[in-house]
Amino acid sequence: QGIRNEISVRLYEEHARVAIQCRDVGELNQCLTQLKELYRTIPSADEEEFVAYSLLYEIYATFVSSSNTRRNLLKNLIEIYARRTTS
(Lines give C-alpha, C1' and ligand atoms only; values in the text may rest on other atoms or scores of the structure.)
Protein backbone atom coordinates (compact mmCIF):
# COMPACT_ATOMS: atom_id res chain seq x y z
CA GLN A 1 0.00 0.00 0.00
CA GLY A 2 3.02 2.28 0.14
CA ILE A 3 2.72 3.04 3.87
CA ARG A 4 6.21 3.35 5.32
CA ASN A 5 6.36 4.01 9.04
CA GLU A 6 7.30 2.36 12.35
CA ILE A 7 4.03 0.45 12.43
CA SER A 8 4.79 -1.00 8.99
CA VAL A 9 8.17 -2.17 10.25
CA ARG A 10 6.64 -3.83 13.33
CA LEU A 11 3.97 -5.54 11.22
CA TYR A 12 6.49 -6.94 8.74
CA GLU A 13 8.72 -8.08 11.61
CA GLU A 14 5.84 -9.93 13.28
CA HIS A 15 4.67 -11.34 9.95
CA ALA A 16 8.20 -12.69 9.35
CA ARG A 17 8.18 -14.35 12.76
CA VAL A 18 4.86 -16.01 11.98
CA ALA A 19 6.22 -17.14 8.60
CA ILE A 20 9.15 -18.76 10.40
CA GLN A 21 6.83 -20.55 12.81
CA CYS A 22 4.68 -21.75 9.89
CA ARG A 23 7.77 -22.74 7.89
CA ASP A 24 6.61 -20.52 5.03
CA VAL A 25 9.91 -19.68 3.33
CA GLY A 26 8.31 -17.73 0.49
CA GLU A 27 6.41 -15.47 2.86
CA LEU A 28 9.51 -15.03 5.00
CA ASN A 29 11.47 -13.93 1.94
CA GLN A 30 8.81 -11.36 1.04
CA CYS A 31 8.86 -9.94 4.56
CA LEU A 32 12.66 -9.81 4.69
CA THR A 33 12.74 -8.03 1.32
CA GLN A 34 10.28 -5.39 2.56
CA LEU A 35 12.13 -4.99 5.85
CA LYS A 36 15.42 -4.44 4.05
CA GLU A 37 13.85 -1.50 2.24
CA LEU A 38 12.10 -0.14 5.32
CA TYR A 39 15.26 -0.30 7.45
CA ARG A 40 16.96 2.13 5.04
CA THR A 41 14.84 4.95 6.43
CA ILE A 42 13.16 3.60 9.57
CA PRO A 43 15.33 2.22 12.39
CA SER A 44 14.20 -0.73 14.50
CA ALA A 45 15.51 -2.18 17.73
CA ASP A 46 15.03 -5.65 16.18
CA GLU A 47 16.90 -4.99 12.95
CA GLU A 48 19.84 -7.23 13.91
CA GLU A 49 17.46 -10.17 14.39
CA PHE A 50 16.15 -9.77 10.86
CA VAL A 51 19.59 -9.24 9.36
CA ALA A 52 20.47 -12.61 10.89
CA TYR A 53 17.33 -14.19 9.41
CA SER A 54 18.23 -12.66 6.04
CA LEU A 55 21.69 -14.21 6.19
CA LEU A 56 20.20 -17.59 7.05
CA TYR A 57 17.72 -17.23 4.22
CA GLU A 58 20.51 -16.40 1.77
CA ILE A 59 22.39 -19.53 2.86
CA TYR A 60 19.19 -21.51 2.44
CA ALA A 61 18.47 -20.08 -1.00
CA THR A 62 22.02 -20.32 -2.32
CA PHE A 63 23.43 -23.56 -0.99
CA VAL A 64 20.52 -25.84 -0.20
CA SER A 65 19.82 -28.63 -2.62
CA SER A 66 18.42 -31.52 -0.57
CA SER A 67 15.08 -31.47 1.20
CA ASN A 68 16.72 -32.87 4.36
CA THR A 69 19.10 -29.88 4.51
CA ARG A 70 16.16 -27.49 3.96
CA ARG A 71 14.30 -29.06 6.89
CA ASN A 72 17.37 -28.72 9.12
CA LEU A 73 17.88 -25.06 8.21
CA LEU A 74 14.22 -24.27 8.86
CA LYS A 75 14.40 -26.15 12.16
CA ASN A 76 17.45 -24.09 13.16
CA LEU A 77 15.73 -20.86 12.18
CA ILE A 78 12.69 -21.79 14.27
CA GLU A 79 14.90 -22.70 17.23
CA ILE A 80 16.70 -19.34 17.02
CA TYR A 81 13.34 -17.59 17.06
CA ALA A 82 12.09 -19.72 19.96
CA ARG A 83 15.19 -18.98 22.05
CA ARG A 84 14.82 -15.27 21.38
CA THR A 85 11.17 -15.19 22.42
CA THR A 86 11.71 -17.17 25.62
CA SER A 87 14.66 -15.08 26.86
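Residues numbered from 1 in each chain as written. Predicted model: local features only at pLDDT ≥ 70, side-chain atom pairs only at ≥ 80, totals over all residues. Heavy atoms only, no water.

Student: Any chance you could break down the overall build of the protein for me, citing the residues and the numbers?
Tutor: When you go through the protein residue by residue, the secondary structure sums to four helices and zero strands. Traced from its N-terminal end to its C-terminal end, the protein shows the element sequence α-α-α-α. Residue burial in the protein is summarised as follows: out of 87 residues, 30% are buried. Restricting to contacts in the protein with at least 6 residues of sequence separation, those with at least 24 account for 66%. (Helix = DSSP H or I, 4+ residues; strand = E, 2+ residues; numbered from the N terminus. Buried < 20%, exposed > 50% of the residue type's maximum accessible area, 1.4 Å probe, protein only. Contact = heavy atoms within 4.5 Å.)

Student: How would you explain the side chain of Glu13 if you had to name every residue and give the values?
Tutor: Within the fold, Glu13 resides in helix 1 (residues 6–21). Here Glu13 sits buried without a salt bridge, and the closest side chain of opposite charge, Arg17, lies 4.8 Å off (N-O distance). (Lys, Arg positive; Asp, Glu negative; His and termini not counted. Salt bridge = Lys/Arg side-chain N within 4 Å of Asp/Glu carboxyl O.)

Student: So what's going on with helix 2 (residues 25–39)? Which residues, and what values?
Tutor: Helix length check: helix 2 (15 residues) gives 21 Å between terminal C-alpha atoms against 21 Å at 1.5 Å per residue, within 8%. Within helix 2, the full set of buried residues consists of Val25, Leu28, Cys31, Leu32, Leu35, Leu38 and Tyr39. Along helix 2, the residues classed as buried sweep out an arc of 140° about the axis, all on the same side. (Expected span 1.5 Å × (residues − 1). Arc of directions from axis to C-beta.)

Student: Describe unusual backbone geometry, listing the residues and the values that go with them.
Tutor: Even without being a glycine, Arg23 presents a positive backbone phi close to 60°. Structurally, Arg23 is set in the loop between helix 1 and helix 2. Assessed through its relative accessible area of 54%, Arg23 is described here as exposed.

Student: Any details on the confidence of the model for the protein? Residues and values, ideally.
Tutor: Taken over all residues, the pLDDT of the protein has a mean of 86, while the share at 70 or more is 89%. Confidence, read as mean pLDDT per element, is least for helix 4 (residues 67–86) in the protein (74) and greatest for helix 1 (96). (pLDDT = per-residue confidence, 0-100.)

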